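# Residue-level structure breakdown
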Amino acid sequence: MKKKVLAAMSGGVDSCVAAYLLKQQGYTVAGVTMQLGVSDAVADARKVCDVLGICHHVLDLRADMEACVIDNFVREYERGRTPNPCVRCNAHLKFGRMLAFAREHGFDALATGHYARIEIGDDGVPFLCRGLDPRKDQTYFLYPVKKPDLYNILMPLGGLTKDEVRAIAAAARLPAAHKSESQDVCFIRGISSGDFAASRSVRVRPGDVVDMSGIVLGRHKGIVHYTRGQRGGLGIAVGRPVYVVDVDAENNRIVLGDKRDLRSSGLVTGPVNLLVDRLPQRLLVKIRYAHKGVMSSVHMNDNGTAEVIFDQPQEAVTPGQSAVFYDGDTVCGGAVIERPM
C-alpha cells in the first residue's frame, strides 16, 4: 500500500512537480503551504492543488518565521556575522513545524521539491545525498535535518535536472511550469540584506574603518552593511584593492586588508548535526553554497563542536555561514561557522 504523503507547496515549479510525480506514482498526496507573511504563496499553491485534484492545507507560521528566522537574521548581523536564513528555515520551519504537522495529521512522510536525494543503505538506514544536477544541488541548506527524520522525508526531484522538471510541468500543463525563480531571501524585497537588518535594528551606528595595523582609514555606516570578503561598496580609497577582513562588532569597526589576509587554514564550528553514525576524519567541506569544497581533516570535540583544517587555505571563512561535510555524495553533517583559524 502506497504511503500517505504531505507535499510542501510554495506555488513554484519545483514543489508543483514534486507533488505531481508522487501522485503519478500512486501516493495519496495532499499539499501544505507555510503562511509566512512575506509573500503570497498560498494562492499560487492552492491553484496547483486544484489542478492536481489534491487537498490543500495552510500552516500559519508567521510568528515562527519572525522569531526563528527574521529575528535571528538581524541579531547575527548586529554581531558582525553573515547568517544563512534558508538553513534556519529548514531546521525550524520546514523540517521542524511542517514535519510535525504531517505526523500529527496522519501522514507517513513529508515531501519537498529540493534538489537532493534520500538513499537507503543496505541496512535499511536512509542517508542524505547530493542531487544529481550539480548546478541545483541544495544539500548545503539541508544539513540541519535530523537523522531519524530522514525516514519520513521524500525528495522526488533529486534525480532530475531543472530543465527536466520544467519539461514535466509543461507537459502536464501545471500552472507553475513557466514561473520564474526568486533569487533573493524571501522576506527581503528590493533592498540589500544589510539595509533590511538596519531597518529592523536599533544598534546600527557609524564607526571606524581601520587597516590591519589599526590605522583609521575612514568611517563605516554600520557593521550590518558589511561581510567578510566584501570588496565593493566600502567607500574607502587606498590606492589598491582592499577587502573586509573582519567585522569587529565589539569595537564597532570594520577591518580592511589585502586578499591574502582573507586566507584561513581552517575553522571552528558550533554544534554539529550529524547525519551518519560515525564522522570520517577526512571529508570535503563546503563553507558557503557556491563553494566547490576543499578536502579537510575534521576533528569532533567532546562538546559536539568541530575543528576543521583545510588541505589548502581558503578565503573568506565567514562566521554565521555553514560548514557542510561530504563523503563523496553523502552529506555527513554540518554546523554554523563560529570563527576562522
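Before reading further, recall that the structure is shown in the block above.
Residues numbered from 1 in each chain as written. Predicted model: local features only at pLDDT ≥ 70, side-chain atom pairs only at ≥ 80, totals over all residues. Heavy atoms only, no water.

### Quick notes on the packing of helix 1 (residues 13–24) against helix 5 (residues 162–171)
Inclusion rule: The axes are straight lines fitted to the C-alpha atoms, using for helices just the contacting stretch, and the angles between their N-to-C directions are given from 0 to 180°. Numbering goes from the N terminus for both helices and strands, where a helix is a DSSP run of H or I of at least four residues and a strand is a run of E of at least two. Should an angle fall under 35 degrees it is called roughly parallel, over 145 degrees roughly antiparallel, and 65 to 115 degrees roughly perpendicular, with every other angle called oblique. Crossing handedness is read from the near helix: turned anticlockwise from the far helix by less than a right angle, it gives a left-handed crossing, and turned clockwise, a right-handed one. By the convention used here, residues are in contact when the closest approach between their heavy atoms is within 4.5 Å. Nonpolar residues are Ala, Val, Leu, Ile, Met, Phe, Trp, Tyr, Cys and Pro. Charged residues are Asp, Glu, Lys and Arg, and all others, Gly as well, are polar.
Contact pair helix 1 / helix 5: the axes reach a minimum separation of 10 Å and the direction vectors enclose 65 degrees. The orientation of helix 1 with respect to helix 5, classified from their angle, is roughly perpendicular. Read as a crossing pair, helix 1 and helix 5 show a hand that is left-handed. Together, Val 13, Asp 14, Val 17, Tyr 20 and Leu 21 of helix 1 and Lys 162, Val 165, Arg 166, Ile 168 and Ala 169 of helix 5 make up the contact between the two elements. In terms of residue class, the contact of helix 1 with helix 5 is built from seven nonpolar, no polar and three charged.

### Focus on the environment of Ile 215
With respect to the helices and strands, Ile 215 occurs in the loop between strand 8 (207–210) and strand 9 (216–220). In this structure, the C-alpha to C-alpha distance between Ile 215 and Gly 37, residues 178 residues apart in sequence, is 45 Å. Not counting residues up to four positions away in its chain, the partners in contact with Ile 215 are Val 209 and Val 210.

### Regarding the packing of aromatic side chains
Here is the rule we go by: To pair, rings of Phe, Tyr and Trp, with the six-membered ring standing in for Trp, must have centres within 6.5 Å; the planes then decide the type, stacked if under 30 degrees apart, edge-to-face if over 60, and tilted in the middle. Burial here depends on accessible area, computed with a 1.4 Å probe over protein chains only, as a share of the maximum for the residue type. Under 20% is buried, over 50% is exposed, and the range in between is partly exposed. Criterion for a charge above a ring: Lys NZ or Arg CZ within 6 Å of the ring centre, and within 35 degrees of the ring normal.
As enumerated under the stated definition, the model contains seven aromatic pairs in all. Ring plane angle 85 degrees and centroid distance 5.2 Å describe the contact between Phe 73 and Phe 187, whose orientation is recorded as edge-to-face. In this pair, Phe 73 is assigned in helix 3 (residues 62–78) and Phe 187 in the loop between helix 5 and helix 6 (193–200), connecting sequence segments 114 residues apart. Judged by centre distance (6.5 Å) and plane angle (55 degrees), the rings of Tyr 140 and Tyr 289 are tilted. Of this pair, Tyr 140 sits in the loop between strand 6 (126–130) and strand 7 (153–154) while Tyr 289 sits in the loop between strand 14 (282–286) and strand 15 (294–300), placing them 149 residues apart in sequence. By relative accessible area, which is 32% here, Tyr 289 ends up partly exposed. Taking NZ or CZ as reference, Lys 4 lies 4.7 Å from the ring centre of Phe 107, over its face.

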